[in-house]
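# Structural description and commentary
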Amino acid sequence: MDDYSGLFVKETNLYNQIVLGSLLPEKLWTPLPHLVQGWLRNYIAATLIYFISGAIWCLYIYHIKRNVYLPKDAIPSRKAMLLQIYVAMKAMPWYCTLPTISEYMVENGMTRCFSRISDVGFASYIWNFALYFIFVEFGIYWMHRELHDIKPLYKYLHATHHIYNKQNTLSPFAGLAFHPLDGVLQALPHVIALFLVPTHFTTHIVLLFLEAIWTANIHDCIHGKVWPVMGAGYHTIHHTTYRHNYGHYTVWMDWMFGTLRDPLKEEAKDI
């Protein structure tokens, strides 16, 4: 078991070398404890993903395709985007604590993670990935919904994100502009799933960091119109009604629990 756990440590060491070794002198990070190295790597990687994905998306939709996807009065101001960046960066150190803790638990054999797809077979990997994905969709839906329904949670945590409640205040940079505990709670199903479902460790890490890109995408107000994806059109409705479209990647949970509102039907009503 110790030998197998060593595979996870070897993998996280590789990630540390790729991120920290590429950006920092070795004398600054190699003396740090392994856990601290992991947190620092997560922090740097998440910050880079946040700024690069947000900047590219803003450049494309607000400048290259200006007034193509959005009318002029729907483009957020620079001040609004800078505020979103400020809120997100205050929370980022705390966001990165969650994957750091999950890596520690995986490395110490506390979860049901496996290191290599060959250890379980491709068919089992696909089946377990489907279970993991369904659990995460279910968990994030209900976590998000309760952050609205439980008044103290909304007032002291989730309201920080919902000051962006109009189309012209939403931007890709709003995707991570949460109270730190709010962001951690919404990502928590990813970690809980590790104790319930056999999960490929690399897949888990990739999905956690895809969250940053995905949240940028669903706050850009451009509806992709790809069923069953919970695109920005759905999420914009969530920010304007507060009572619909709590889901994350797909519309399935909102459809199952009666909170789905389709942006295409809303557009048809307005015509």
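Residues numbered from 1 in each chain as written. Predicted model: local features only at pLDDT ≥ 70, side-chain atom pairs only at ≥ 80, totals over all residues. Heavy atoms only, no water.

### Side note on the environment of E26
Going by this rule: The numbering of helices and of strands both runs from the N terminus, where a helix is a DSSP run of H or I of at least 4 residues and a strand a run of E of at least 2. Each residue is assigned to one of three classes by its accessible area relative to the maximum for its type, calculated with a 1.4 Å probe on protein chains only: buried under 20%, partly exposed between the two thresholds, exposed over 50%. Contacts are assigned to residue pairs that have any heavy atoms within 4.5 Å of one another.
Relative to the helices and strands, E26 resides in helix α2 (residues 26–29). Classification of E26 by relative accessible area gives partly exposed; the value is 46%. Considered as a pair, E26 and S53 are 27 residues apart in the sequence and their alpha carbons are 27 Å apart. When neighbours within four sequence positions are excluded, E26 is seen to be in contact with Q17 and P31.

### As for the packing of aromatic side chains
Basically, it comes down to this: Centre distance within 6.5 Å is the pairing criterion for rings of Phe, Tyr and Trp, where only the six-membered ring of Trp is used; planes under 30 degrees apart are then read as stacked, over 60 as edge-to-face, and the remainder as tilted.
The tally for this structure, following the rule as stated, stands at 18 aromatic pairs. Taken together, the aromatic side chains of F122, Y125, F129, F133, W214 and Y249 make up a single cluster linked through ring pairs.

### So, the packing of helix α5 (residues 97–107) against helix α9 (residues 201–217)
Rule in force here: Between N-to-C directions, angles span 0 to 180 degrees; the directions come from axes that are lines fitted to C-alpha atoms, helices contributing only their stretch in contact. Roughly parallel means an angle under 35 degrees; roughly antiparallel, over 145; roughly perpendicular, 65 to 115; everything else is oblique. Three classes are used: nonpolar for Ala, Val, Leu, Ile, Met, Phe, Trp, Tyr, Cys and Pro, charged for Asp, Glu, Lys and Arg, and polar for all others, with Gly counted as polar.
Where α5 meets α9, the axes come as close as 12 Å, and the angle between the chain directions of the two elements is 175 degrees. Taken together, α5 and α9 sit at an angle that is classed as roughly antiparallel. Here α5 contributes P99, S102, E103 and V106 to the contact with α9, which in turn contributes F201, H204, I205 and L208. The class makeup of the residues in the contact of α5 with α9 is 5 nonpolar, 2 polar and 1 charged.

### A short note on empty space enclosed by the protein
What counts here: Every definition here rests on a 1 Å grid over the protein atoms only: cavities are sets of points where a 1.4 Å probe fits but cannot get out, pockets are open sets enclosed by protein on both sides within 12 Å along at least five of seven lines, and lining residues have some atom within 4 Å of a point. Grid points are joined across faces, edges and corners, and a volume is the space filled by probe spheres set on the points.
Inspection of every chain in the model, using the stated rule, returns 3 cavities of 30 Å³ or more. The computed volume of the largest cavity comes to approximately 510 Å³. If you trace the largest cavity, you find 29 residues lining it, with L176, G183, A187, E211 and A212 closest to the centre. If you list the elements that add at least two residues to the lining of the largest cavity, you get α3 (34–64), α4 (78–95), α5, α6 (122–149), α8 (180–196) and α9. For the lining of the largest cavity, the leading source of residues is α9, giving 5 residues. Residues that form the lining of the largest cavity fall into these classes: 16 nonpolar, 12 polar and 1 charged. What the second largest cavity holds in volume is close to 60 Å³. The wall of the second largest cavity is formed by F114, Y125, N128, F129, Y132, P198, T199, H200, T203 and L207. The set of elements that each furnish at least two residues to the lining of the second largest cavity consists of α6, β2 (199–200) and α9.

### Things to note about the side chain of H248
To be explicit about the condition: Side-chain atoms alone can form a polar contact between residues adjacent in sequence; in general such a contact is a pair of N or O atoms within 3.5 Å, and within protein one must be able to donate a hydrogen while the other accepts it.
Residue placement: H248 occurs in the loop between α10 (232–241) and α11 (252–257). Residue H248 is classed as buried on the basis of its relative accessible area of 8%. One polar contact links H248 to E211, side chain to side chain, over a distance of 2.7 Å. Those residues in contact with H248 that sit more than four places away from it in its chain are E137, I140, E211, W214, T215 and M230.

### Some thoughts on the nonpolar core
In plain terms, the rule: What we call a nonpolar core is a set of buried Ala, Val, Leu, Ile, Met, Phe, Trp, Tyr and Cys residues that are connected through their side-chain atoms within 4.5 Å.
Of all hydrophobic cores here, the largest spans 43 residues; its most connected members are Y50, Y62, M92, Y132 and L176. Here this core gets 8 residues from one element, more than from any other, and that element is α4.

Everything listed is a geometric property; what it means functionally is a separate question.
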